[in-house]
Structure formats: C-alpha cells, structure tokens
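Residue strings, one per chain:
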Amino acid sequence: MVCPKGIFVFESKNYSGYVFGNERHEYWTQTLPGRNGRTIKHHFYNPIIQNRNHIKCLHQFLGNALPIWSIIVFSDRCTLKSISIQSCDTIVINLRVLPSLIYSIFAQLQYNILSNADINNIILKLYPLTQPDTAEKAQHISDVARLVYSKRRHIDDPAVKAYSRQALQNFQLRPHSAHAPHALPHRRHRCRNRPFSC
C-alpha cells in the first residue's frame, strides 16, 4: 500500500490453530489438534524474514530513503500464542486488528512523508512488476499445485512459506529505511512479548 504516510508491505498468512514464533528463528510453528488428543505441528518459514526480503528488494528498486513499514497479518482463524519480536520496524497481528493498527499509525504520524507526486512516481515504477506474463503465471500455478500435493501427503515442508491488545496501546514503528528522517520518537512499553519493542 502506497500512501502519504509511506509504503506498507503486508505479508498475509492464512493459518488456523496456534502460532508460535520468534523474530530471530528461521522457522515458526503452527499447532493443530489431532486425533486422540495429540497435537499436529507444522513448521513454516519466518514471515518477518520473508517480508524483510521483500522490503530489501523494494529498497534496491526504489531507493533506500523511502520509509517502508512491515506488517505481518495472520488469519483470524488462528491464535498468535507466543510471538517474540525485538525490532521496532515490524508488527505481527491478526486480520481483525489491521484497521485499528493503520488508524493508529496515521494518528501518530501527523505529517505526510510522501507527496502526491511521490506516490504517483512509485506506482508508475511498481505497476509493470505486477503484470506477470503467461509463463510466469503458469509457473506459479505449478508451484502452488506441488505445494498442495505435498501437504495432502502430510509432508512438512519448512521451505514453504503477538498480537495483544496492549500492543496497539504501545504501538511505535520505525520504517525500514537507513536514512529515514521521519522515524517516530523513542518510547518504551511493557508488552511481555515485545511485539513493538522500540
């Protein structure tokens, strides 16, 4: 999402069950109820690292000075049971929290970072990248089909890809930019899992 407050990069995860994760770990864990009271565990690639790679590519393409916010959004069907984050530039939430979160960011950033001309220029640069050709679409469909097949065979493929109420009250984000002059002021909070630690 490109807007006057900066660029928001969302990584969406459609999971159910419980989700456990640490920002510094390469893989996170999803647990689901199984038969006879047993728990089924699936591991998936750390979505924070995944989104940082996306943002790194955006910086290389658009320039390092642009403020970019990283937001990991999980389905409301899952519970973010234990999420540990130390960085100020990333947030992990359930989908239902997203509107309030965006409103909170806009309320804290009372000034605009990007002008209308900046926004138009960014969109013009990014738009061609959103138009894959037929071969790319076919490859993507093939990759998804392989993934679905592997899951049906109960293969745990780690290469495939906390939220709390208090987090919103203590929300502070700094954008991914080494030269961001618009970083929000430092503020500590008391959230145990440190989802917005600054």
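Residues numbered from 1 in each chain as written. Predicted model: local features only at pLDDT ≥ 70, side-chain atom pairs only at ≥ 80, totals over all residues. Heavy atoms only, no water.

**Description of the overall build of the protein chain**
On a plain count of helices and strands, the protein chain comes out with five helices and eight strands. Listing the helices and strands of the protein chain from first to last along the sequence gives β-β-β-β-β-α-β-β-β-α-α-α-α. Relative to its full complement of 198 residues, the protein chain shows a buried share of 41%. Only carbon and sulfur atoms are counted for the fraction: they give 53% of the accessible area of the protein chain, which is about 12000 Å². (Helix = DSSP H or I, 4+ residues; strand = E, 2+ residues; numbered from the N terminus. Buried < 20%, exposed > 50% of the residue type's maximum accessible area, 1.4 Å probe, protein only. Areas by Shrake-Rupley, 256 points an atom, 1.4 Å probe, with all protein chains shown as cover.)

**Brief notes about the nonpolar core**
The biggest cluster of nonpolar side chains holds 25 residues, and the ones touching the most others in it are I7, I71 and I93. For this core, the elements supplying multiple residues, two or more each, are β2 (6-13), α1 (47-62), β6 (68-74), β8 (90-94), α2 (98-108) and α3 (116-126). Ignoring anything within four residues of it in the chain, the contact list for I71 reads F8, V9, F10, E11, N51, I91, I93, L98, L101, I102 and I105. Counting residues in hydrophobic clusters, the runner-up holds twelve residues, among them V19, W28, I48 and I72. (Core = buried A, V, L, I, M, F, W, Y, C linked by side-chain atoms within 4.5 Å. Contact = heavy atoms within 4.5 Å.)

**Points about the sheet that holds β2**
Whenever strands of a sheet pair, they do so through backbone hydrogen bonds, lying parallel or antiparallel. The strand order across the open sheet built from four strands is β1-β2-β6-β8, with neighbouring strands paired in mixed fashion. The sheet is open, and its two edges are formed by β1 (2-3) and β8, each paired on a single side. Relative to β8, β6 runs parallel, the two being bridged by five bridges. The partner of I72 across the bridge, within β8, is V92. Against the sheet, α1 makes contact with β2, β6 and β8, and its axis sits at roughly 145 degrees relative to β2, the strand it touches most. (Pairing = 2+ DSSP bridges. Axes fitted to C-alpha atoms, helices over the stretch in contact; angles between N-to-C directions.)

**Considerations on α2**
Buried residues of α2: L98, L101, I102, S104 and I105, and no others. For α2, the angular spread of the buried residues around the axis is 155 degrees, confining them to a single face. What points out from α2, more than 90 degrees from its buried face, is the exposed set P99 and Y103. (Arc of directions from axis to C-beta.)

**Notes on the environment of K5**
Counting through the fold element by element, K5 comes out in the loop between β1 and β2. Between the alpha carbons of K5 and I113 there is a distance of 5.2 Å; along the sequence they are 108 residues apart. Once residues within four sequence positions are removed from consideration, K5 is found in contact with W69, F106, L109, Q110, Y111, N112 and I113.

**Description of the packing of α1 against α3**
Remark: α1 packs on α3, axes separated minimally by 11 Å, with the N-to-C direction vectors making an angle of 110 degrees. Between α1 and α3, the interaxial angle falls into the category roughly perpendicular. Contact residues: L58, F61 and L62 in α1; I122, K125 and L126 in α3. Residue classes in the contact of α1 with α3 are distributed as five nonpolar, no polar and one charged. (Parallel < 35°, antiparallel > 145°, perpendicular 65-115°, else oblique. Nonpolar A, V, L, I, M, F, W, Y, C, P; charged D, E, K, R; others polar.)

**Considerations on a nonpolar patch on the surface**
There is a patch of nonpolar side chains on the surface, built from M1, F10 and F106 and spanning about 260 Å² of accessible area. Here M1 lies in the segment before β1. (Patch = residues over 30% accessible without salt bridge, like charges linked within 9 Å, V, L, I, M, F, W, Y side chains within 5 Å. Salt bridge = Lys/Arg side-chain N within 4 Å of Asp/Glu carboxyl O.)

**Here's the deal with α1**
Three- or four-residue spacings in an α-helix give side chains the same orientation, since the helix completes a turn every 3.6 residues. Its 16 residues place the ends of α1 22 Å apart at the C-alpha level, agreeing with the 22 Å of an ideal helix rising 1.5 Å per residue. Taken together, the buried positions of α1 are occupied by P47, I48, Q50, N51, I55, L58, H59 and L62. Where α1 is buried, its residues meet β2, β4 (27-33), β5 (39-45), β6, β8 and α3. At the N-terminal end of α1, a side-chain oxygen is found 2.8 Å from the backbone nitrogen of I48, two or three residues along, and the residue is N46. Looking one or two residues past α1, G63 carries a phi angle of roughly 120 degrees, positive in sign. (Expected span 1.5 Å × (residues − 1). Polar contact = N/O pair within 3.5 Å; in protein donor to acceptor, adjacent residues only side chain to side chain.)

**Structural notes on the sheet that holds β4**
The four strands lie next to each other as β5-β4-β3-β7, forming an open sheet whose pairing is mixed. Both outer strands of the open sheet, β5 and β7 (78-84), are each paired with one neighbouring strand and no more. For this sheet, the mean angle separating the axes of adjacent strands, direction not counted, is 20 degrees. Relative to β5, β4 runs antiparallel, the two sharing seven bridges. Each residue of the ladder has a partner; that of Q30, found in β5, is H42.

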